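Coordinates in review
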Amino acid sequence: MSLSLIGIIFVQAFFINNALENEEKQFTSDVFRSLSLVSKAIEDKELLSYDKLYKEVTKNGRTPDSSEIRRLLIYESFNEETNQSTLFKSTITEESFKAPSLFFDIGIGTDSIDFKRFTRQNETNIIDHSLIDGQKNLQPIQTFKDYSSMDELGQLFYKKEYRALYKNYPVYKRISNEEVLELLQSQFSISGIKTTFEYAIYDKDLSTKIRSDNFERTPGTTIGVPIFLDNESKSNFRLYVDFPERKKYLLSSVLSMILLSILFTSIIILAYSSAIYQLIKQRQISQIKTDFINNMTHEFKTPIATINLAIDSIRNPKIIGDQEKVMRYLKMIKDENKRMHAQVENVLRISKLEKNELNISKERVELNDLIDDAITHVELLVEDRNGYVKTHLKADKSSVLANETHFTNVIVNILDNAIKYSEGEPKIDVYTENVGNNILIKISDQGNGMSKQVQKRVFEKFYREHTGNVHNVKGHGLGLAYVKRIVDDHQGHISVESEKGKGSVFTIKLPLIS
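Definitions and limits used
- Residues numbered from 1 in each chain as written.
- Predicted model: local features only at pLDDT ≥ 70, side-chain atom pairs only at ≥ 80, totals over all residues.
- Heavy atoms only, no water.
- Patch = residues over 30% accessible without salt bridge, like charges linked within 9 Å, V, L, I, M, F, W, Y side chains within 5 Å.
- Areas by Shrake-Rupley, 256 points an atom, 1.4 Å probe, with all protein chains shown as cover.
- Salt bridge = Lys/Arg side-chain N within 4 Å of Asp/Glu carboxyl O.
- Helix = DSSP H or I, 4+ residues; strand = E, 2+ residues; numbered from the N terminus.
- Buried < 20%, exposed > 50% of the residue type's maximum accessible area, 1.4 Å probe, protein only.
- Pairing = 2+ DSSP bridges.
- Axes fitted to C-alpha atoms, helices over the stretch in contact; angles between N-to-C directions.
- Contact = heavy atoms within 4.5 Å.
- Core = buried A, V, L, I, M, F, W, Y, C linked by side-chain atoms within 4.5 Å.
- Expected span 1.5 Å × (residues − 1).
- Arc of directions from axis to C-beta.
- Left-handed = near helix turned anticlockwise from the far one by under 90°.
- Nonpolar A, V, L, I, M, F, W, Y, C, P; charged D, E, K, R; others polar.
- Lys, Arg positive; Asp, Glu negative; His and termini not counted.
- Charge placed at Lys NZ, Arg CZ, Asp CG, Glu CD.
- pLDDT = per-residue confidence, 0-100.
- Parallel < 35°, antiparallel > 145°, perpendicular 65-115°, else oblique.

So, about a nonpolar patch on the surface. Together, Leu260, Leu263, Phe264 and Ile267 give the surface a local cluster of nonpolar side chains, amounting to about 380 Å² of exposed area. Looking at the secondary structure, you find isoleucine 267 in helix H7 (residues 255–315). Take isoleucine 267: its relative accessible area is 46%, and that puts it in the partly exposed class.

In any sheet, the strands associate via hydrogen bonds between backbone groups, in a parallel or an antiparallel arrangement. An order of E12-E14-E15-E17-E16 is seen for the five strands of this open sheet, with the pairing classed as mixed. One side of each edge strand has no neighbouring strand; the edge strands of this open sheet are strand E12 (388–393) and strand E16 (493–499). Taking the axes of each pair of neighbouring strands and ignoring which way they run, one obtains an average angle of 15° across the sheet. Of the pairings in the sheet, the one linking strand E14 (residues 427–435) to strand E15 (residues 438–445) comprises eight bridges and is antiparallel in character. The residue bridging tyrosine 431 from the neighbouring strand is lysine 442, located in E15. Along the sheet, helix H14 (residues 479–489) makes contact with E16 and strand E17 (503–511), crossing E16 at roughly 140°.

This part takes up the nonpolar core. If you look at the biggest cluster of nonpolar residues, it comprises 40 residues, and the most contacted ones within it are Leu367, Phe407 and Ile508. Secondary structure elements with two or more residues in this core: helix H10 (367–376), strand E13 (399–402), helix H12 (404–420), E14, E15, H14, E16 and E17. Considering each element in turn, this core owes the most residues, eight residues, to H12. Ignoring sequence-local partners within four residues, the contact set of isoleucine 508 consists of Phe407, Val410, Ile414, Ile439, Leu440, Ile441, Val487, His493 and Ile494. Core analysis: the second largest hydrophobic core is formed by 24 residues, Val38, Ile227, Phe228 and Val241 among them.

Once that is clear, we can look at helix H5 (residues 177–191). Across its 15 residues, H5 extends 21 Å between first and last C-alpha, which sits within 8% of the 21 Å expected from 1.5 Å per residue. Within H5 the residues assigned to the buried category are Val180, Leu184, Gln187, Phe188 and Ser191. With its buried residues spanning 100° around the axis, H5 presents them on a single face. Every exposed residue of H5 that faces more than 90 degrees away from the buried side is listed here: Glu178, Glu182, Ser189 and Ile190. Two residues or fewer after H5 comes glycine 192, characterised by a positive phi angle close to 80°.

One can describe the packing of H12 onto H14 by two numbers: an axis separation of 9 Å at closest approach and a directional angle of 145°. Viewed along their axes, H12 and H14 form a crossing whose handedness is left-handed. Contacts between H12 and H14 involve His406, Phe407, Asn409, Val410, Asn413, Ile414 and Asn417 from the first element and Gly479, Leu480, Tyr482, Val483, Ile486 and Val487 from the second. Along the lines of polarity and charge, the residues of the contact of H12 with H14 split into eight nonpolar, five polar and no charged.

Take a negative patch on the surface next. Together, Glu363, Glu366, Asp369, Asp372, Asp373 and Glu404 make up a negatively charged patch on the protein surface. At the level of secondary structure, the elements contributing two or more residues to the negative patch comprise strand E11 (363–366) and H10. The leading source of residues in the negative patch is H10, at three residues. Here aspartate 369 is to be found in helix H10.

Another point: the pairing of E14. Across six bridges, the pairing between E12 and E14 is parallel. Bridging from a neighbouring strand, histidine 392 pairs with tyrosine 431 of E14. Following E14, the chain reverses through two residues before pairing antiparallel with E15; glycine 436 in that reversal takes a positive phi of roughly 65°.

Moving on, we come to unusual backbone geometry. Not every positive phi belongs to a glycine, and aspartate 205 is a case in point at roughly 65°. Phi angles above zero are rare outside glycine, and asparagine 386 is one such case at about 60°. Judged by relative accessible area, asparagine 386 falls into the exposed class, the value being 58%.

On to the pattern of salt bridges, then. For the structure on display, the rule yields seven salt bridges. Between glutamate 24 and arginine 246 there is a salt bridge, and its shortest N-O distance comes to 3.7 Å. Residue glutamate 24 is found in helix H1 (residues 2–59), and its partner arginine 246 is found in helix H6 (residues 246–253); the two are separated by 222 residues along the sequence. Residue classification places glutamate 24 among the partly exposed residues on the basis of a relative accessible area of 35%. Salt-bridge contacts for arginine 217 lead to aspartate 205; the nearest nitrogen and oxygen are separated by 3.5 Å.

Turning our attention to the sheet that holds strand E10 (residues 237–242). Read from one edge to the other, the open sheet built from four strands follows the order E8-E7-E10-E9, with strand pairing classed as antiparallel. The sheet is open, and its two edges are formed by strand E8 (206–211) and strand E9 (223–227), each paired on a single side. Neighbour to neighbour, the strand axes of the sheet diverge by 30° on average, direction disregarded. Looking at chain direction, strand E7 (residues 198–203) and E10 are connected through six bridges and run antiparallel. What sits directly across from tyrosine 199, in E10, is valine 241. Its contacts with the sheet put H5 on E7, E8 and E10, and the angle it makes with E7 is roughly 125°.

In the predicted model, the chain carries a mean pLDDT of 79, and 73% of its residues have values of at least 70. Segment residues 467–473: pLDDT under 50, and six contacts once partners within four positions in sequence are set aside and those in other chains are kept.

To continue, consider the packing of H10 against H12. Where H10 contacts H12, the axes come no closer than 9 Å and their chain directions differ by 55°. When the interaxial angle is binned, H10 and H12 end up oblique. In the crossing of H10 with H12, the sense of the turn from one axis to the other is right-handed. Contacts from Leu367, Leu370, Asp373, Ala374 and Ile375 in H10 reach Glu404, Phe407, Thr408, Ile411, Val412 and Leu415 in H12. Of the residues assigned to the contact of H10 with H12, the class counts are eight nonpolar, one polar and two charged.

Shown next, in the form of structure tokens:
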């Protein structure tokens, strides 16, 4: 599952990267196409001024300064059936005009401008070769003439002259910043390119006056096309455009895809993590249940064995007559039965707490007195192991709202743990002190202590530090779970500080009442 998830993430990253590369290629292509159209528009705009001159000169009936037949084509065909021949002639006439440049106000700096107009004349003659009076007739019997202005050819020639005329003219006199900006904005809008840009026209790699304020030529990202081509389709001028927010703009085009990919991948990761967490949690619960059953079995096994032995002993004819021994064995049976009953009650009490079925009524109690009472429950166990429980009750105010029975059990349980987890003589100190409107209870021991990992889970139900099949310390992992539940129910807080081999300190904080 982990490998598949990693594979999915890499595949998504691969496709997003490809999409970004395709967007970049498409963007570059759109910019090139737009710049090419702008370059043509700039040239067409300049060509219009020259076109006006041409039309003005050729349409006002001016007399040409010179005329010349540029081309002559003669073609003859003979028809034997009619004894007639067809003679076709096609001529091209070139007429040259001179017009003052200042009159047309184009600012070229020359006295006059040469224009040429081309006209095509087609003539078809039909000649009859029949003999008239014994002589061949050479005069055409029919003549067809056709005159037309050669606009396309004329345009080619005047474009050629226009380009030669403007070739070395300064670029800032041919086009303005405002015109370039307007053309670029219009074409980029049509092409769907909606991001900021900077532009400049360069003359032989040198910047000209036609440029935006913040233009910087960056290799790899700046895009340029030639403008003002000459008659050999070459030019010294190039129009460059740079997009400062190019990466941000390209990312925005695939942003929705990236966000959706992150969203769905995050959902998969969360679901997967949750599944893994649940599996680990179930494994831990299974382990805890196994430990609980083992501990419970061990706890019940000894009393049951003791009861069976006591009953067998009482059945013995030699023992049944000894009243003293019978009473001792009966006491053993009662004590072991009481011990098993206490274990069952402990489990049931936790179950009722979880279901909020345990009735906990609270009243005003003096915590210092309650601690002294709790210590009396364990002092015999401590004395039996040559240990001690010392009190340092420095809290001047100890009135709290609590359930006397349950909170006594809280103190007893913590003291009992301190005794059980001390391999040598139990050495326990109990402190109380006032902190603001609260009272702190600290129960310190010098026992085995616990690791950081155990500290995090010590208040969990059924949790006990894993010791394999060693049951040198009896219990079910319910005592501290019960303690925390009761403290929480009293609006208090419990924590533990411990170090392996150096003992533990349990701290309970409870709100005081006036």
